[in-house]
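Read off the chains here:
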Amino acid sequence: MTGMTPGERVRAALKGEHVDRVPFCFWHHFKPEGSGERMADLTMEFFVQKFDLDIVKIMPDLPYPQPADPLVAAEQMRSLPRLDLDTPMFREQLTCIRLLRERLGNEYPLILTLFSPMTYAIRYMGKQKAIAECRKNPLVFGEGLGTIASNLRRLIVGAVETGASGIFFSCMGATTADFTRDEYVKYALPYDVEALQGAAGGWLNIVHVHADPTQTDDQLYFDIFIDYPVSVMSWSDRLTGPSLSEAATMTLKCLMGGLHERGPLTHGDESAIDNEIMAAVSQTKGRRLILANGCSIPDDNPEEWLHVARRLVDNLA
């Protein structure tokens, strides 16, 4: 089969069916200045007009609202507000989705990037402070996570109804340098699942298990996420385990990765990029794979290497 559309290619990859070439995507952040319309323009230009990628990924650059006051204690989590779809940044995200769907047509894979409830708490409080406060007062901390999860679920439902194919759900804290495995399952997982319930109407839902590149010898609790209600698993396989080949023995979900976000994509050369691409295809036999960077590439990444990678992927056909 040749000449598949991005939608056909990604759907086939999710099922483990033959593809004309592996689906391909990469991303970095933008500066939409709070405007969903500007975010749609920047996203369309990068993902479609410039690089013709198989997935359009709306980055979290219209962010979930920050708390009014800095969070320093678990007790403050109780005061996090309930947010509706008329919340300005939620409204702008939905505007972005609507405009992109109008331009892309119905079948082009379009996903909205969001963070997990625990990830938002970590971002607001700082990682070590959030972990310490959660351990000290988990019930109260959990009340705040529940509020965030409920807000996210509401937003995700709205995103899918507006035209998103699904969400890219990024989770921090599930590594040997952060919570223990049992702690993550107890303190974070229930709120991840609650938020993800909003994505039930989407067909392209992705969980990203985040590893901190500054934490050496850090390992993911990858197996925790195998049963999440998503069709794709994303992680920085070039930074931490499992490898793509190991992950393929652990789950039948589609795998998303293969390219180091701070590796050859950022500095070349062509042979190094080609080696990463071919290694990813070899490990998976080109099935149930979306070739992608493990996490966001630098915003000032030299585009010559991204164009090289795009050309090399076309050569896989």
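As a reminder, the structure under discussion sits directly above these lines.
For the structure given in this document, a descriptive report is provided here. Note that this is a predicted model, so its numbers are computed, not measured. (Residues numbered from 1 in each chain as written. Predicted model: local features only at pLDDT ≥ 70, side-chain atom pairs only at ≥ 80, totals over all residues. Heavy atoms only, no water.)

**Considering the pairing of strand β8 (residues 289–293)**
For step 1, the next point in the chain: Buried residues dominate β8, accounting for 5 of its 5 residues.
For step 2, the next point in the chain: Both strand β1 (residues 24–25) and β8 contribute to a ladder of 2 bridges, which runs parallel. Residue pairing across strands places Cys25 opposite Ala292, the latter belonging to β8.
For step 3, the next point in the chain: With 5 bridges connecting them, strand β7 (residues 254–259) and β8 associate as parallel partners. Bridge pairing in β8 links Met256 to Ile290. (Buried < 20%, exposed > 50% of the residue type's maximum accessible area, 1.4 Å probe, protein only. Helix = DSSP H or I, 4+ residues; strand = E, 2+ residues; numbered from the N terminus. Pairing = 2+ DSSP bridges.)

**Let's talk about the sheet that holds strand β5 (residues 206–209)**
The strands making up a sheet associate through hydrogen bonds between their backbones, and the pairing can be parallel or antiparallel.
For step 1, the next point in the chain: Spatially, the 8 strands line up as an open sheet ordered β1-β8-β7-β6-β5-β4-β3-β2, and their pairing is parallel. In this open sheet, the two strands that pair with only one neighbour each are β1 and β2 (56–58).
For step 2, the next point in the chain: Pairing of strand β6 (residues 232–235) with β7, which is carried by 3 bridges, proceeds in the parallel orientation. Each bridged residue has a counterpart across the sheet, and for Val232 the counterpart in β7 is Cys254.
For step 3, the next point in the chain: Packed onto the sheet, helix α6 (residues 138–162) meets β3 (110–115) and β4 (166–171) and runs at close to 170 degrees relative to β3. (Contact = heavy atoms within 4.5 Å. Axes fitted to C-alpha atoms, helices over the stretch in contact; angles between N-to-C directions.)

**A look at the side chain of Asp20**
For step 1, the next point in the chain: For Asp20, the position within the fold is in the loop between α1 (6–15) and β1.
For step 2, the next point in the chain: From its side chain, Asp20 meets the backbone nitrogen of Gly3 in a polar contact 3.3 Å long. (Polar contact = N/O pair within 3.5 Å; in protein donor to acceptor, adjacent residues only side chain to side chain.)

**Points about helix α11 (residues 270–284)**
For step 1, the next point in the chain: Its 15 residues give α11 an end-to-end C-alpha distance of 22 Å, which sits within 8% of 21 Å, the value for a rise of 1.5 Å per residue.
For step 2, the next point in the chain: When we look at burial in α11, the residues that qualify are Ile273, Glu276, Ile277, Ala280, Val281 and Thr284. The arc that holds every buried residue of α11, seen down its axis, measures 125 degrees, which confines them to one face. Projecting away from the buried face of α11 at angles above 90 degrees are the exposed residues Asn275 and Ser282.
For step 3, the next point in the chain: Along its buried surface, α11 packs onto α9 (244–248), β7, α10 (264–267), β8 and α12 (303–314). (Expected span 1.5 Å × (residues − 1). Arc of directions from axis to C-beta.)

**Some points on the pattern of salt bridges**
For step 1, the next point in the chain: Under the defined criterion, the tally for this structure stands at 21 salt bridges.
For step 2, the next point in the chain: Close ionic contact of Glu183 with Arg135 constitutes a salt bridge, the shortest N to O distance being 2.9 Å. Here Arg135 lies in helix α5 (residues 127–136) and Glu183 lies in helix α7 (residues 181–187), a separation of 48 residues in the sequence.
For step 3, the next point in the chain: According to the relative accessible area criterion, Arg135 is partly exposed, its value standing at 38%.
For step 4, the next point in the chain: In the salt-bridge network here, residues are joined through shared partners; they are Arg9, Asp20, Arg21, Asp52, Asp54, Arg310 and Asp314. (Salt bridge = Lys/Arg side-chain N within 4 Å of Asp/Glu carboxyl O.)

**Quick word on the environment of Ala121**
For step 1, the next point in the chain: Position of Ala121 among the secondary structure elements: in helix α4 (residues 117–125).
For step 2, the next point in the chain: Ala121 sits in the buried class, given a relative accessible area of 0%.
For step 3, the next point in the chain: Sequence separation between Ala121 and Cys134 is 13 residues; the distance between their C-alpha atoms is 9.7 Å.

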